[in-house]
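# Inside the fold
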Amino acid sequence: MYNFVFEKPTTVAEAVAALASEDAQALGGGQTLLPTMKQRLASPAKLVSLTGIAEMGGTSSTGDVITIGGGVTHADVAAGGYGAISKLAGDIGDPTVRNRGTIGGSLANNDPSADYPAAALASGATIKTNARSIAADDYFTGLFDTALEDAEIIVSVDFPVPLSSNYQKFEQPASRFALVGVFVAKFADGVRVAVTGASEGGVYRWTEAETALNANFSADALDGLSVSADNMISDLHGTPEYRANLVKVLTGRAVADC
Amino acid sequence: MPKDNGIGASPKRREDVRFLTGRGRYVDDIKLQNQCFAVFARSQVAHGIIKSIDTSEAEGMPGVLAVFTGEDFTEVGGNPAGWLIHSRDGEPMKEPKRPVLAHGKVRHVGDAYAAVIAETYEQAVEAAEAIDADIDEQDAIVDMAAALANSDNLVHDEIETNQCFDWGWIEDNRAATDEAIKNAPHVTTLELINNRLIPNAMEPRASTADYNPGTGHYTLYTTSQNPHLTRLLISAFVMGIPENKLTIIAPDVGGGFGSKIFHYGEEALVLAASKKLGRPVRWTASRWESFLTDAHGRDHRTTIELATDKEGNFLAFRTSTLANVGAYLSNFSTVTPTILHGTVIAGNYTVPLTYVNVKAVFTNTAPVDAYRGAGRPEATFSVERVIDKCARELGIDPIEIRRKNFIKKEQFPFLTAAGLEYDSGDYHALMDKLEEMADFDGFEARKAESAKRGLLRGLGINTYVEACGLAPSNLAGILGSRVGLYESATVRVNATGNISVMTGSHSHGQGHETVFPQIVADMLGMSADDIDIVHGDTSKIPFGMGTYGSRSMAVGGSAIVRATEKIIEKATKIAAHMMEAGDGDIEFNDGVFSVVGTDKTVTFPEVAFKAYIPHDYPIDKLEPGLEETAFYDPGNFTYPSGAYACEVEIDPDTGKVTICSFSAADDVGNVINPMIVEGQIQGGLGQGIGQALVENCVYDENGQLLSGSYMDYTMPRADDMPFFNVDQSCLTPCTHNPLGAKGCGEAGAIGSPPTVINAVVDALSHLGVTHVDMPASPARVWAAIQAAK
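Worth saying up front: this structure is predicted, and the values here are computed from it rather than measured.

### Focus on the packing of aromatic side chains
Residues and elements named next belong to chain B. Enumeration according to the criterion identifies 27 aromatic pairs over all chains in this entry. Taking 6.3 Å as the distance between ring centres and 35° as the angle between the ring planes, the aromatic pair formed by Phe19 and Tyr26 counts as tilted. Tyr26 gets classed as partly exposed once you look at its relative accessible area, which sits at 24%. Their ring planes at 70° and their centres at 5.7 Å tell us that Tyr644 and Phe662 sit as a pair that is edge-to-face. Placement of the pair is Tyr644 in strand 26 (residues 641–650) and Phe662 in strand 27 (residues 657–667), with a sequence separation of 18 residues. Assigned by exposure class, Tyr644 and Phe662 land together as buried. The ring of Tyr264 carries the charged tip of Arg205 above its face, separated from the ring centre by 3.6 Å.

Encoded structure:
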């Protein structure tokens, strides 16, 4: 690890100011950033910890919308009783990861195999930053890429509460990240299906499945659909064809378990 | 006899108290005054010519004390292969030099070409990054067949080929085997891959050297399974440091699985650096260095043929294997794919003919060497997979075809077609036990129940026999070993009657500190609590050959028996003097010497005290003291065997394999500590299941390690494992060692991979699938299902 300066502000405004300097990097739970720094693959001059900011903590629910602070850990979301989102959070990594990692960190990093992006996109979540509100459909812009500007901080995330939802994760055997993960959320105005782990473009909505499920919300509705292997990730753990298969299989299972 | 901790008892592992409370003392825990740190500069390319290495910037950086390159070691020797293998044409194998630091060329990603010594670890890391190496990258040689076909691109230019040897076993049987296969009514052929593995010991390799300029003595603390062998290699081959000036200490070592048998260049580097600087120099591998530079395991490509008659009687096995040895010959790399593989190719069977051909190939990958089982898992996988395929082709039950060909109990000792004489075994009894354990009759019902849940259930059967307890030195020498393979022990009875046992075996997880005292306790009629084991320090123990090849109990334990017998013999004479009787009138039972036919007795501690306070002592006939050393050289290998069964469920939509049950009946000979044996068997099963289902070392075509971290190299975890149903009750004692012990360390890792794959194939056979390579990952199993459609 290279040397760096460490700051731990207590307000979002202080954090934004601290991040204004060159080569400053926000630090959530550090579950991706710190291993990268230890391998000397990242060398921020300054780390700005977001874990001491009260505005970013806590969760609340209006009944229609669940609001989760950007600094809330996976463990706290898992314990929150928020249905499929809590189940998803409880299956991220291991206890160490869940006790340090945060939802804001996960969404800001947008790892193509991360779980939260699927939940946010399928739920039609709103990512609230220090500067603005960003709809999930506009937020995820590609592999490790988001609509966030430099020094923009995720303060909280609003999840509309669906009628029913389910997340199916098929684990990559080594990392136990999602080899493919599918989040299905059924709302009064329609079904949303988001897929993580599969595409070279990162998390995406499987709109054909949404259309089919809007007509008939059952796993059988997917029978006639085929998932193209084009632009699917290929690695040691799965070919594009295998991932395409999993997208369909897991979507069917998510619908069945909704 | 102290039943609570003698032979056959299961006292808890005494070493676990310190391991589980953080009181272990591993190499990295040893901090020496004035120590400094070594960090290596390692190649990022698989194959390249070193044009120049500019160390000037690094040398000027803060805290830097010295920088070494391959140029500094041109005068020292190479790290040798421990076995000389001859090719079929009689030519000796090719032995390119393995230098301390790469010189002239780098030959695999991670190959160290320079080292920095600095005051702090961080300073050494910074300086190592500042070394400017001009390396002209060459095309990487990764694929074994391509390596053999292409003589223009060589891993080692000086040997003019990428082939290390072309070995036949038994060459005199080749023509007859060919003939038998040509004329056989049925021949089953199978091409398979024994997947390459990365050992992943929990503790990474570490070495700290401490040269004392005042005495000229070197001490090397290092993660070794066999400190004397390391000392011998450093002294006799690599550095020429006299053995009396070199102490090797392998303290607590956190697992080895074979990878810490070998001497590595880092050990030589820290010794040289400590000498140069007159300060202790330490190095601990990062996990990424472990992935890139620990000797890997397996990596065979094999075609096996099994010839039978129509009834399934085996007529001949013939195999052809390409074995990857990586970029350099590691110490046991030449014996592993040959002697340890070819000699057990007859398995548990009376098959009259076998022939094994192995071509060992240099590639631009990390060295490949012995890994838990070492050669025998590869042989067992080939044999047992082809038997399963054959049974299916002939429509014979997989248990029946094995039983039909088993060596029968009354046939032992049995000389196999592959040239070994198995001393004892009862394979039918093991299979009987397995049938009892695994409830084969209920399988169809369980399969139907799985099918209701949309899952495909398969049952895999397997048997194995291994040759371990390495090894008779004379035979090993004939077969090419450059070392002896005895073991040593010193039993030192202290004046007050407690005992220190110095053993040449090394414990790095096996539990020797618990189990070896049980032997001595049993023989001397005392509590094991009064007996301690000393190991891992060449200045304290007699010359030993260390721990590998399931040899610690069969060979090391036998040495302890022999030394303890000498203690009893001498103590009997002392006791006779004390009781004014003749030696022949003394009986020794449960720690008490008595004169036959009288009520005169003395206890063992009283005799010990007398030996060290020799007043009124037969000093003209007997030396004082009570300490004896024995070197035990076994008369044969030992031959553990077993019968395994496994049931799997496969999700056809995802390809995921789940192990539902695993039953293992093992004959490991006489058992000293049943709990430790069960633990060893379970650990081996876990490692074998890891190979079968999840573990895979993969290099890309450029020689980059794709599975270079735990993000991509899958370690088996607890939730990958079933509850194991294990049994060691069907035992046949080894006939040639005093304990009757055969060995248990490698058994599970040898027997389980084919069991799992046989089960996977059984689950998919109705689709037409005849083989799935390891690891049977979800993606691979799903692809096999799709391909069969």
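Read on for the rest.
### Side note on the pairing of strand 13 (residues 300–308) of chain B
All names here are of chain B. Across the nine residues of strand 13, seven count as buried, placing the element largely inside the fold. Taken together, the nine bridges between strand 8 (residues 186–194) and strand 13 define a ladder with antiparallel strand orientation. Directly across from Asn194, in strand 13, lies its bridge partner His300. Across nine bridges, strand 13 lies against strand 14 (residues 314–326) in antiparallel orientation. Bridge pairing links Arg301 to Leu322 in strand 14.

### Observations regarding the pattern of salt bridges
All names here are of chain B. Summed over all chains, the structure comprises 57 salt bridges over all chains. The partner of Glu203 in a salt bridge is Lys260, and the shortest N-O contact between them spans 3.5 Å. Linking Glu203 in the loop between strand 8 and strand 9 (206–212) with Lys260 in the loop between strand 11 (246–249) and helix 7 (265–277), this pair joins segments that are 57 residues apart in sequence. Assigned by exposure class, Glu203 and Lys260 land together as buried. Of the charged contacts, one joins Arg318 and Glu305 as a salt bridge, the two residues approaching to 2.9 Å between their closest N and O atoms. With a gap of 13 residues between them, Arg318 in strand 14 and Glu305 in strand 13 connect regions that are remote in the sequence. Glu305 shares its class with Arg318; the two are buried. Salt bridges linked by common partners bring Asp439, Arg446, Glu449, Arg453, Arg457, Glu647 and Glu649 together as one network.

### A closer look at the sheet that holds strand 11 (residues 164–171) of chain A
Residue and element names in this part refer to chain A. If you walk across this open sheet you meet the four strands as 11-12-13-14, and the pairing is antiparallel. For this open sheet the edge positions go to strand 11 and strand 14 (204–205), each flanked by a neighbour on one side alone. Pairing analysis gives seven bridges linking strand 12 (residues 178–187) to strand 13 (residues 190–196), with the strands arranged antiparallel. The residue of strand 13 that forms the bridge with Phe187 is Gly190. Contacts between helix 9 (residues 207–215) and the sheet are confined to strand 13 and strand 14, with strand 13 contributing the most and set at about 150° to the helix.

### Thoughts on unusual backbone geometry
With an omega dihedral of -5°, the bond running from Trp169 of chain B to Ile170 of chain B counts as a cis peptide bond. Following the sequence through the fold, Ile170 of chain B ends up in the loop between strand 7 (163–169) and helix 5 (174–183). Note that the residue after Met774 of chain B, namely Pro775 of chain B, is joined by a cis bond; omega there is -10°. As for its position among the elements, Pro775 of chain B is in the loop between helix 19 (747–764) and helix 20 (778–788). In this structure, Ala151 of chain A takes a positive phi of about 65° despite not being glycine. Locating Ala151 of chain A in the fold gives a position in the loop between strand 9 (145–146) and strand 10 (154–160).

Conventions adopted
Residues numbered from 1 in each chain as written. Chains lettered and ligands numbered in written order. Predicted model: local features only at pLDDT ≥ 70, side-chain atom pairs only at ≥ 80, totals over all residues. Heavy atoms only, no water. Phe/Tyr/Trp six-rings, centres within 6.5 Å; stacked < 30°, edge-to-face > 60°. Buried < 20%, exposed > 50% of the residue type's maximum accessible area, 1.4 Å probe, protein only. Helix = DSSP H or I, 4+ residues; strand = E, 2+ residues; numbered from the N terminus. Lys NZ or Arg CZ within 6 Å of the ring centre and 35° of its normal. Pairing = 2+ DSSP bridges. Salt bridge = Lys/Arg side-chain N within 4 Å of Asp/Glu carboxyl O. Contact = heavy atoms within 4.5 Å. Axes fitted to C-alpha atoms, helices over the stretch in contact; angles between N-to-C directions.

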